[in-house]
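So you can see what is in the structure, the chains are spelled out below.
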Amino acid sequence: MFRLNLLLLLAVVLCAMAVVTSQHHARKLFQALEAEQDKARQLDIEYGQLQIEMSTWATHPRLEKIARERLRMVMPAPVVAKGVR
């Protein structure tokens, strides 16, 4: 009877240790998940900011200004067709 009680006690202690270990592991995984979700949110914010910046850089007046100033481009004179009224 003593051996059975000792064996059961050992089984209970091992099960308790397994539960504690698995809970600790689950908490660590949950913390890692939250950290990755925070990173994903930050990347979404940064992506939105980059889209806004890219649309600002590609506006028509800005491109026209660069074409005139840096590339020395000019608007062509309008061509009037002969014989058109």
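Residues numbered from 1 in each chain as written. Predicted model: local features only at pLDDT ≥ 70, side-chain atom pairs only at ≥ 80, totals over all residues. Heavy atoms only, no water.

### What about unusual backbone geometry?
Phase 1 of the analysis: Unusually for a residue other than glycine, R72 sits at a positive phi of about 55°.
Phase 2 of the analysis: Counting through the fold element by element, R72 comes out in the segment after α2 (60-69). (Helix = DSSP H or I, 4+ residues; strand = E, 2+ residues; numbered from the N terminus.)

### Remarks on the pattern of salt bridges
Where charged atoms from two side chains of opposite charge come close, those side chains can pair.
Phase 1 of the analysis: Enumeration over the complete set of coordinates arrives at three salt bridges.
Phase 2 of the analysis: As a salt-bridge pair, D38 and R41 come within 2.4 Å of each other at their nearest N and O atoms. Here R41 and D38 lie together in helix α1 (residues 2-57), a separation of three residues that amounts to about one turn.
Phase 3 of the analysis: A residue is classified by how much of its surface remains accessible, and D38, at 40% relative accessible area, is partly exposed.
Phase 4 of the analysis: Accessibility expressed as a relative area gives 46% for R41, which makes it partly exposed.
Phase 5 of the analysis: We note a salt bridge from R68 to E64, for which the minimum N-O separation is 3.9 Å. With R68 and E64 both in helix α2 and four residues apart, this pair spans about one turn of that helix.
Phase 6 of the analysis: Using a relative accessible area of 31% as the deciding quantity, one classes E64 as partly exposed. (Salt bridge = Lys/Arg side-chain N within 4 Å of Asp/Glu carboxyl O. Buried < 20%, exposed > 50% of the residue type's maximum accessible area, 1.4 Å probe, protein only.)

Such coordinate-based values are descriptive only and should not be taken to indicate function.
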